[in-house]
Amino acid sequence: MATEMKFKVIGKSPIRHDGNDKVTGRALYGADMTLPGMLYGKVLRSPHPHARIKSIDINDLINHPDCKAVVTSKDLASAPEITKDPLYGQVRIPNVLASDKVFYKGHPILAVASSSPDHAEELLELVKIEYEVLNYASNVEEAIQIDSDILHENWQKTDDELDISEKGTNIGTIEVYKLGDVDKALEESENIMEREFRTKTVHQGYIEPTNGTAWWRPNDRLTVWCSSQGHFGIRDSVAAVLGIPNSQITVIPMEIGGGFGGKLSAYLEPLAAILSKKTGYPVKMTMSRAEVLEATGPTSGSYQKISIGYNSKGKINAGKAVMLLEAGAFPGAPVSGAASAIFSPYTVENVQIHGYDIVTNKPKTTAYRAPGSPISMFAVESMINEIADELGIDPVELRIINAAKNGTRRADGVVNGTIGAIDVMENIRNHPHYSMPLPDGEYIGRGISLGFCRNNSGLSSVISNMLPDGNFSLIEGSVDIGGSRTSVAQQFAEVLEIPVENVMPHIGDTDTIGFTSSTGGSGVTFKTGFAAYHTANDIKSQLIKRAALIWDTLEENINYSEGVLYHKNDPELKLSLKEISPILGDTGGPITGKSHINPAGQEGSYAANIIDVKVDPDTGKVDILKVTAFQDVGRAIHPGYVEGQIQGGTTQGIGWALNEEYFMIDGEMKNNSFLDYRMPTSLDLPMIDPVIIEVNNPNHPFGVKGVGESNIVPPLAAVSHAVYNAIGKRIYDLPINPESIIRAINKNL
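J.: Please clarify how the overall build of the protein should be interpreted in this entry.
T.: Each helix and strand in the protein was counted, giving 20 helices and 28 strands. A compact globule built from 749 residues should have a C-alpha radius of gyration of about 27 Å, and the protein, at 27 Å, falls within 12% of that. Burial analysis of the protein (749 residues in total) assigns 60% to the buried set. The contacts of the protein with a sequence gap of at least 6 include a subset with a gap of at least 24, amounting to 79%. As displayed, the protein offers around 28,500 Å² of accessible surface, 50% of which is attributable to carbon and sulfur atoms. Charge centroids of the protein, computed over 66 positive and 91 negative side chains, lie 1 Å from each other.

J.: Explanation requested: the layout of surface pockets in the structure shown.
T.: Any space left empty among the atoms is revealed by the rolling of a water-sized probe across them. Counted as a void, the second largest pocket has a volume near 500 Å³. Lining the second largest pocket are 18 residues, with Ile731, Tyr732, Asp733, Ser740 and Arg743 positioned closest to its centre. Of all the elements, helix 20 (residues 738-746) adds the most residues to the lining of the second largest pocket, at 4 residues. Counted by class, the lining of the second largest pocket contains 6 nonpolar, 3 polar and 9 charged residues.

J.: What's the story with unusual backbone geometry in this structure? I'm lost.
T.: Across residues other than glycine, the phi torsion is negative in most instances, and most of the peptide bonds are trans. Along the chain, leucine 734 connects to proline 735 via a cis peptide bond; the corresponding omega equals 0 degrees. Within the element layout of this structure, proline 735 appears in the loop between helix 19 (714-727) and helix 20. One non-glycine residue, asparagine 219, adopts positive backbone phi at about 55 degrees. In this structure, asparagine 455 is a non-glycine residue whose phi angle is positive, near 65 degrees. Counting through the fold element by element, asparagine 455 comes out in the loop between strand 16 (444-453) and strand 17 (460-466). When its relative accessible area of 6% is taken as the criterion, asparagine 455 is described as buried.

J.: Is there a simple way to explain the packing of helix 12 (residues 395-402) against helix 13 (residues 421-430) in this structure?
T.: Two quantities define a packed helix pair, namely the angle between the helix axes and the distance between the axes. At a minimum axis distance of 10 Å, the contact between helix 12 and helix 13 shows a crossing angle of 160 degrees. The angle between helix 12 and helix 13 places the two elements in the roughly antiparallel class. Here helix 12 and helix 13 pass one another in a crossing that is left-handed. Contacts between helix 12 and helix 13 pair Val396, Glu397, Arg399 and Ile400 from the former with Met425, Glu426, Ile428 and Arg429 from the latter. Each residue belonging to the contact of helix 12 with helix 13 can be placed in one class, and the counts come to 4 nonpolar, no polar and 4 charged.

J.: Which parts of the structure should I look at to understand the sheet that holds strand 23 (residues 592-597)?
T.: Think of a sheet as strands paired side by side through backbone hydrogen bonds, with each pair either parallel or antiparallel. Spatially, 4 strands are ordered 19-18-17-23 in an open sheet, and the strand pairing comes out mixed. Lying at the two open borders of the sheet, with one neighbouring strand each, are strand 19 (503-507) and strand 23. Taking each pair of neighbouring strands and ignoring which way they run, the sheet shows an average axis angle of 15 degrees. On the sheet, helix 15 (residues 484-496) packs against strand 17, strand 18 (472-476) and strand 19 and is oriented at approximately 130 degrees with respect to strand 18.

J.: Can you help me understand the pattern of salt bridges in this one?
T.: Should their charged atoms come close, side chains of opposite charge can pair. In the structure shown here, the tally under the stated rule is 39 salt bridges. The partner of glutamate 132 in a salt bridge is arginine 52, and the shortest N-O contact between them spans 3.6 Å. Of this pair, glutamate 132 sits in strand 6 (residues 128-133) while arginine 52 sits in strand 2 (residues 51-57), and the two are 80 residues apart along the sequence. Under the relative-accessibility criterion, arginine 52 is labelled partly exposed at 26%. Residue glutamate 255 pairs with arginine 485 through a salt bridge whose shortest N-O separation is 2.7 Å. Taken together, the residues span a long stretch of sequence, with glutamate 255 in the loop between strand 11 (249-253) and helix 8 (269-279) and arginine 485 in helix 15 at a distance of 230 residues. Residue arginine 485 is classed as buried on the basis of its relative accessible area of 9%.

J.: I keep staring at the sheet that holds strand 9 (residues 211-216) and nothing clicks. Help me out?
T.: Taken in spatial order, the 7 strands of this open sheet run 3-5-1-12-9-10-11, and their pairing is mixed. Every interior strand has two partners, whereas the edge strands, strand 3 (69-71) and strand 11, have only one. Each strand of the sheet is rotated relative to its neighbour by a mean of 20 degrees, with strand direction disregarded. The pairing of strand 3 with strand 5 (residues 108-114) spans 3 bridges and is antiparallel.

J.: Whenever I open this one, the environment of isoleucine 62 confuses me. Can you help?
T.: By secondary structure assignment, the location of isoleucine 62 is in helix 2 (residues 59-62). Separated by 61 residues in the primary sequence, isoleucine 62 and leucine 123 have C-alpha atoms spaced 9.3 Å apart.

J.: Got a minute to help me understand the side chain of asparagine 737 in this structure?
T.: Take asparagine 737: it is sitting in the loop between helix 19 and helix 20. Looking at asparagine 737, the relative accessible area reads 16%, which means it is buried. Ignoring any residue separated from it by four or fewer positions in sequence, one finds asparagine 737 in contact with Leu658 and Glu661.

J.: How do you make sense of the environment of isoleucine 654 when you look at a structure like this?
T.: Looking at the secondary structure, you find isoleucine 654 in helix 18 (residues 639-658). Taking the C-alpha atoms as reference points, isoleucine 654 and serine 376, 278 residues apart in sequence, are found 16 Å from one another.

J.: What's the story with a negative patch on the surface in this structure? I'm lost.
T.: Taken together, the side chains of Asp118, Glu121, Glu122 and Glu125 present a region of like negative charge at the surface. Residue placement: glutamate 125 occurs in the loop between helix 4 (117-123) and strand 6. Here glutamate 125 falls in the exposed class, since its relative accessible area comes to 67%.

J.: Would you take a moment to explain the pairing of strand 10 (residues 222-226) for this structure?
T.: When a strand is regular, its side chains alternate between the sheet's two faces. With 5 of 5 residues buried, strand 10 lies mostly within the body of the structure. Pairing of strand 9 with strand 10, which is carried by 4 bridges, proceeds in the antiparallel orientation. If you follow threonine 213 over to strand 10, its bridge partner there is tryptophan 225. In this structure, the hairpin formed by strand 9 and strand 10 is closed by a connection of 5 residues, where asparagine 219 is found at a positive phi of approximately 55 degrees. One crossover worth recording links strand 10 to the parallel strand 11 by way of helix 7 (residues 231-242), and it is right-handed.

J.: In this structure, what is going on with the nonpolar core? I would like to understand it.
T.: Soluble, globular proteins show a tendency: their nonpolar side chains are buried together. Of all hydrophobic cores here, the largest spans 106 residues; its most connected members are Ile306 and Ile353. The leading source of residues in this core is helix 11 (residues 373-391), at 9 residues. Leave out the neighbours within four places in its chain, and isoleucine 353 touches Glu175, Val176, Tyr177, Ala321, Met323, Ala339, Ile342, Phe343 and Ala411. Judged by nonpolar contacts, the second largest core, of 40 residues, contains Val462, Val503, Leu577 and Ile637.

J.: Just checking my understanding: could you explain the packing of aromatic side chains for this structure?
T.: Within a pair of aromatic rings, the relevant descriptors are the distance that separates the centres and the angle that separates the planes. One pass over the full model with this rule turns up 12 aromatic pairs. Residues phenylalanine 197 and tyrosine 732 carry aromatic rings whose centres are separated by 5.5 Å and whose planes lie at 80 degrees to one another, so their mutual orientation is edge-to-face. A residue pair is termed long-range when its members are at least 10 positions apart, and phenylalanine 197 in strand 8 (residues 191-199) and tyrosine 732 in the loop between helix 19 and helix 20 qualify at 535 residues. The exposure class assigned to phenylalanine 197 is buried, which follows from its relative accessible area of 0%. Ring centres of phenylalanine 472 and phenylalanine 492 lie 5.6 Å apart, and the angle between their planes is 70 degrees; on these two criteria the pair is classed as edge-to-face. Note that phenylalanine 472 is positioned in strand 18 and phenylalanine 492 in helix 15, a separation of 20 residues in sequence. Accessibility classification places phenylalanine 472 together with phenylalanine 492 in one group, the buried group. Site record: aromatic cluster; members linked through ring pairs are Phe7, Phe526, Phe530, Tyr533 and Phe702. Stacked on the ring of tryptophan 215, the Lys or Arg arginine 217 has its end atom at 4.1 Å from the ring centre. Directly above the aromatic system of tyrosine 724 lies the positively charged group of arginine 730, at a separation of 3.6 Å from the ring centroid.

What counts as what
- Residues numbered from 1 in each chain as written.
- Predicted model: local features only at pLDDT ≥ 70, side-chain atom pairs only at ≥ 80, totals over all residues.
- Heavy atoms only, no water.
- Helix = DSSP H or I, 4+ residues; strand = E, 2+ residues; numbered from the N terminus.
- Rg over C-alpha atoms; globule rule 2.2 N^0.38 Å.
- Buried < 20%, exposed > 50% of the residue type's maximum accessible area, 1.4 Å probe, protein only.
- Contact = heavy atoms within 4.5 Å.
- Areas by Shrake-Rupley, 256 points an atom, 1.4 Å probe, with all protein chains shown as cover.
- Lys, Arg positive; Asp, Glu negative; His and termini not counted.
- Charge placed at Lys NZ, Arg CZ, Asp CG, Glu CD.
- 1 Å grid on protein atoms, 1.4 Å probe; cavity = no way out; pocket = protein on both sides within 12 Å on 5 of 7 lines; lining within 4 Å.
- Points joined across faces, edges and corners; volume = space filled by probe spheres on them.
- Nonpolar A, V, L, I, M, F, W, Y, C, P; charged D, E, K, R; others polar.
- Axes fitted to C-alpha atoms, helices over the stretch in contact; angles between N-to-C directions.
- Parallel < 35°, antiparallel > 145°, perpendicular 65-115°, else oblique.
- Left-handed = near helix turned anticlockwise from the far one by under 90°.
- Pairing = 2+ DSSP bridges.
- Salt bridge = Lys/Arg side-chain N within 4 Å of Asp/Glu carboxyl O.
- Patch = residues over 30% accessible without salt bridge, like charges linked within 9 Å, V, L, I, M, F, W, Y side chains within 5 Å.
- Right-handed = clockwise from strand over helix to strand, strands pointing away.
- Core = buried A, V, L, I, M, F, W, Y, C linked by side-chain atoms within 4.5 Å.
- Phe/Tyr/Trp six-rings, centres within 6.5 Å; stacked < 30°, edge-to-face > 60°.
- Lys NZ or Arg CZ within 6 Å of the ring centre and 35° of its normal.

On their own, these measurements won't tell you what the molecule is for.
This is the structure we're talking about:
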């Protein structure tokens, strides 16, 4: 389905360059750091979801011989006033350490360094804090009640009808998208469906806990080692928290054991830095699993009210949405991503979207794989399936009738380029899974859903050095989470027509490589691959100049093919890369290629699922029987990694649909371990069958689109649809856990 292009390296699945190190345990992650004289830090956290700090007594702590240093909010830079403006991926100084108020259970208050993690943790018991406990809000509906306590007391009320409290407001920014005249279109609609949906807070569930190590030597710059999705972002955040220039900080990226958007912000790194400065020794800090769940950024819980207008043939003419998303303690819920996604798979001429960023007494939300999109599209896709059932139209055909096309405008103002919404649905229609009969038995159902992610780009830097043996180093600024070292190296190797094994990719620290935006938004293979493409062409151009110099001829007389330079007029004259590299010193010195770019042209990505389930009506347990996952990827640079991304995202979406939630009682998360925060394992799922669809992106030299995110979106509504077809009752809230299924089955009996 893509434009036919012949490749030598792209489209193959070589072994990843870092594979041996990772399977043998040689790869170093943040918690593996060991430095001379290392100390260890621990954080004292709030036991209350919302409280005013009246006094802190640390005298017993600082006088204890095991206490090497203490850091409190007084050691941080002055925090600007908390405004309603959302900050995505940026640090909030009061989130690093609280000063006058705590906003969630687990909110950091101070940190201590000692000779061992156990000693540091025991020392925290010596701190005496007096609190004035305040009322809390654990979800958006509680936060906007008239008697709710206000988190940020400087916030002024808005004129919005939801803002009913007299004390102030917990509503941050309100994002409004309008296209056409939705109220008029709804009035003229032959049919109108209106539904309400609720989803719970969920966490990214990365395996490696958050960590940070710092060494601030006297009269020297600060060095930080950490596992993050963007070491440049961590550098800038640490600088902001400490109040020093970012040029005084080097951040060295370690390997990262998962992130999915959750490792963009700085948590421990600034604290380790100050403790190191006070002691003169390196300080390492690592969170426990409970701390990760209670005090790093999950994604939002939500409430949504959706209206859709349509005719008897299934054509949708109007869509209206009110979305309330939890921001946690500080503004920054993924409202923009949710609003951009909600109706984007479809051509709807009249759309109105109101997205509310609402603070609650939970940890500040951060990105999670296609931020906002799973939440909003769960609602709309559930309604699309219900409309199809009401009208007696096949749900795939209903989607094809309304599918977004090239050139149509989305509600966020973006005009679609070369997108694959129809291609994905046609692949579902033609796939054997969609037409095959379900297994025999009762309480078995099949569901489908479509998903979308807008994808991002960003600044990216790549440098390559030609090595003495004719191979190449490749230094990039993008942290590798999903195998991007290899997918970027493949694009570099494709230009030079050499084996990818001849390219040695590395992730440079913040002093080694130019600024590169964080690894997220499904952007690395697009943006850093684009930079690698330009870098390889830079090298190719220099090689041609050197060959022309060696042979005393014009550059236009030189050909380059498959790693060999040829003289067009004298076939006997040729130089391989291995032959020319040792003599570069005689022709002008080493060859280094580089590229620093911020490429435009990312296209939205569409994904879809077919999911079969079996429900036990006595226990409410849902078994996943079969999953087929489809995605338009633009171009599969490394098909094996693309399949892994599709399978991984689908697994997370199934967990979101069935099991995962922050189980809150009295403002406290009660399931703060992987024993109780229930993510799917290999025992819970069948093999997920990925289907790669390639609709070429003409804005990229190799047709790349983002791959990593849209695949998490469709499982939420597909599971809901399958459960409905199994039990005959619709469930509009997530997760669809055993309790909700039993309640639905027994309703009205």
